[in-house]
Amino acid sequence: MTAIKKNLLWVATIILLLVSTYKTNAFQLPIGSTRGRVNSNSPAVQINHSVVTQYNVNSPAPFQTQLKLSLVPSIVTKTVSKISPQARTTLLLTTAAYFLYKNKPKNFPAPSDSAFSEPLPDGSLGCPYFGNLSFFTKIGEKSTGAGYFYRFQAYRSGSPNMFKYAPLGSPAIIVNGMSNIKKVFNKEFKLVKTGVISDGFTDLMGGESLLFTTDPVKHQYLRRLVGQSMTPDQISKAMPSLIKSANDQIDTLKVGEHFEMEKILTSFTLDVAWRQILGLDLNEDEVPTFYNAVEDWIGGILNPVLSLMPSAMKVRTKCGRAMKYLISKVEDKLQKLEANGQDGSTLSGMYFAKDDEDPTKVLTKQNIISNTFLLILAGTETAASTLTVAMLVLGLHKDILQKLKDEQLAMMAKHAGKEMTRDMLEDDCPYLDAFIKEVMRIKPLATTGAMRFAQETFVVDGKQIPKGYGVGFNAYLTHQLDPAIKEDDNSHMDVVKGFKPERWLNEDTKPTEYSTSCFVF
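Remember, predicted model here, so these are calculated numbers, not experimental data.

Caption draft 1: Geometry of the overall build of the protein. Scanning the protein for helices and strands turns up 21 helices and 13 strands. Residues classed as buried in the protein amount to 50% of the 521 residues present. For the protein, the computed accessible surface area is about 24900 Å², with 56% contributed by carbon and sulfur atoms.

Structure below.
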């Protein structure tokens, strides 16, 4: 009888959530887009990852830049755009309720460790079992883009350095500032380690990648072997393939026509995925099939409902069919590598990698498939988003565009008649490097990176992080805290006023807490 009462209580709770979703706008997710003209004289414009810039190559001005703002990645936007806001929120909250119901014994309450005198960080854990419902409703907002929940929670707690919250009802703590981040994440597998949040999500990613390996010995082993596919020498070998992919996309641009650079740059990163990461030799007719498969697969990964489905059901979805197609491409390529030897692709680097500590050890087929999937995920949507923001910045800052052109023309003159190499870019294009770092500083991709879990209770910045708590970081807040980039008008995170690549060239003003590319996984 007690079990029946508990089940009825959970059903009633879910019904109340569904009713509240339809009765108030408070739970409506801000998914959609707004449009407006943007130019170098525009007021401060802050955007998220899915900004789209359109260039009219034949316009009187060097650029006409049009901004289309959506609050979540483009694949998610396209997936959910046909569903009403109420239905979307209902779907998310129902999924959250189901997840919490399955895990309720361990989610609440979340006490501090009585063996430590230090208090827990400030911040609210939200409702019992459900945690912070604003984790769903504050996905993003128009002025600062995705990841707004973390900025909201930091402001509400009054402590951007460290605060607690409860995503899906499970207690977690965010640590920000590079000194705090180093104290925690430099002791991976000792203080914290990655945990499996959802078996369904793990299945869709292959399960054998660096992202999901919780054993420290195996993790180091995978880092050594997967890392051999991305050494400076391997990247140098990849340069011809990367140049061809870039040239192919440039050739699609025609004078007098408008282009959505997000689409161009997404095609570029997908092109790199099949040419360089997988080393495929696709004919022209199959390229769209590959593009669609990657989009369907990533869309499924980001679908919370799909991650809860049994494996037998997943294979019947678009994501499941796409995953099966991509696995078949990897397996076909592995057979060709076995027959023909190395070819310079990233997949080839993994297949022929040998462990320095034990040359008899190699990556298994499942290791290779899982880590290839991880590279595709990390190297397509995220890279395209960063490059799209870079294109917007160039449209807003014509002086920066000119400096980049001058630097690259000087490099070409210095190495006249030679093919471009990685060493040329590193040695002769310091401003380009500074520009990319500034793009990643002002619009970082990560919200928390992969969530870790405390393996023991420990103290950071005078606050305790109890054993079992989730631990993450937020790159955006970390950059805001960086004393090297504080400015009088507080515009250091402004894509117009605060964008200054030169800060990366001056050792006295170089940001000390640059963490955008660190700890993402």
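Caption draft 2: Quick peek at the pairing of strand 6 (residues 162–165). Here strand 6 shows a buried face lined by Met162 and Lys164 and a second buried face lined by Phe163 and Tyr165. Two elements, strand 6 and strand 7 (residues 172–175), share four bridges in a ladder whose sense is antiparallel. Bridge assignment links Lys164 to a residue of strand 7, and that residue is Ile173. The hairpin formed by strand 6 and strand 7 contains six residues between the paired strands, and Leu168 there has a positive phi angle of roughly 55°.

Caption draft 3: Expanded view of the side chain of Thr380. Position of Thr380 relative to the elements: it lies in the loop between helix 16 (365–379) and helix 17 (381–396). Beyond its immediate sequence surroundings of up to four residues, Thr380 is in contact with Thr269, Leu270, Ala273, Val294 and Ile298.

Caption draft 4: The packing of helix 9 (residues 232–250) against helix 10 (residues 261–277), seen in detail. The interhelical angle for the contact between helix 9 and helix 10, taken along N-to-C directions, is 150°, at an axis separation of 9 Å. Crossing geometry of helix 9 relative to helix 10 is assigned as right-handed. Along the contact surface, helix 9 presents Ala238, Ser241, Leu242, Lys244, Ser245, Ala246, Asp248 and Gln249, while helix 10 presents Ile264, Ser267, Phe268, Asp271, Val272, Arg275 and Gln276. When grouped by side-chain class, the residues that make up the contact of helix 9 with helix 10 number six nonpolar, five polar and four charged.

Caption draft 5: Here's a closer look at unusual backbone geometry. The phi torsion at Phe189 lies on the positive side, around 75°, for a residue other than glycine. As for its position among the elements, Phe189 is in the loop between helix 6 (178–185) and strand 8 (192–194). Residue classification places Phe189 among the buried positions, given a relative accessible area of 16%. Backbone geometry at Asp461 places phi at a positive 55°, although glycine is not the residue there. Position of Asp461 relative to the elements: it lies in the loop between strand 11 (458–460) and strand 12 (463–465).

Caption draft 6: Quick look at the environment of Phe268. Tracing the sequence through the fold places Phe268 in helix 10. Residues Phe268 and Ile250, spaced 18 residues apart in sequence, show a C-alpha to C-alpha distance of 9.4 Å. Apart from the residues lying within four places of it in its own chain, the contact partners of Phe268 are Leu242, Ser245, Ala246, Gln249 and Leu387.

Caption draft 7: Representation of the sheet that holds strand 8 within the structure. Sheet architecture is open: five strands sit in the order 6-7-13-10-8, paired in mixed fashion. Looking at the sheet topology across the chains shown, the edges are occupied by strand 6 and strand 8. Ignoring which end each strand starts from, the neighbouring axes of this sheet average 35° apart. Strands strand 6 and strand 7 of the sheet are contacted by helix 5 (residues 148–157), whose axis makes an angle of about 110° with strand 6.

Caption draft 8: Structural context of the packing of helix 14 (residues 318–340) against helix 16. Running from amino to carboxyl end, helix 14 crosses helix 16 at an angle of 125°, the nearest separation of the two axes being 11 Å. Relative to helix 16, the element helix 14 is oriented oblique. Of the two elements, helix 14 crosses helix 16, and the hand of that crossing is right-handed. Two secondary-structure elements touch here, helix 14 through Met323, Leu326, Ile327, Val330, Glu331 and Leu334 and helix 16 through Lys365, Ile368, Ile369, Thr372 and Phe373. For the contact of helix 14 with helix 16, the residue count by class is eight nonpolar, one polar and two charged.

Caption draft 9: Up close: the pattern of salt bridges. Applying the stated criterion across every chain, the model contains 19 salt bridges. The residue Asp248 makes a salt bridge to Lys244 at a minimum N-O spacing of 3.6 Å. Pair noted here: Asp248 and Lys244 are both in helix 9, with a separation of four residues, about one helical turn. Owing to a relative accessible area of 26%, Asp248 belongs among the partly exposed residues under this scheme. The structure contains a network of salt bridges with shared partners spanning Lys244, Asp248, Asp271 and Arg275.

Caption draft 10: Summary view of the side chain of Ser209. Topologically, Ser209 is positioned in the loop between helix 7 (199–205) and helix 8 (216–227). Residue classification places Ser209 among the buried residues on the basis of a relative accessible area of 0%. Every residue in contact with Ser209, bar those within four places of it in the chain, is listed here: Leu222, Ser370, Asn371 and Leu374.

Caption draft 11: Focus on the pairing of strand 7. Neither face of strand 7 is left uncovered, since the one carrying Ala172 and Ile174 and the one carrying Ile173 and Val175 both have all their residues buried. Bridge analysis of strand 7 against strand 13 (residues 470–472) gives three bridges, and the strand direction is parallel. In the strand pairing of strand 13, Ile173 is matched with Val471.

Quick notes on the rules
Residues numbered from 1 in each chain as written. Predicted model: local features only at pLDDT ≥ 70, side-chain atom pairs only at ≥ 80, totals over all residues. Heavy atoms only, no water. Helix = DSSP H or I, 4+ residues; strand = E, 2+ residues; numbered from the N terminus. Buried < 20%, exposed > 50% of the residue type's maximum accessible area, 1.4 Å probe, protein only. Areas by Shrake-Rupley, 256 points an atom, 1.4 Å probe, with all protein chains shown as cover. Pairing = 2+ DSSP bridges. Contact = heavy atoms within 4.5 Å. Axes fitted to C-alpha atoms, helices over the stretch in contact; angles between N-to-C directions. Left-handed = near helix turned anticlockwise from the far one by under 90°. Nonpolar A, V, L, I, M, F, W, Y, C, P; charged D, E, K, R; others polar. Parallel < 35°, antiparallel > 145°, perpendicular 65-115°, else oblique. Salt bridge = Lys/Arg side-chain N within 4 Å of Asp/Glu carboxyl O.

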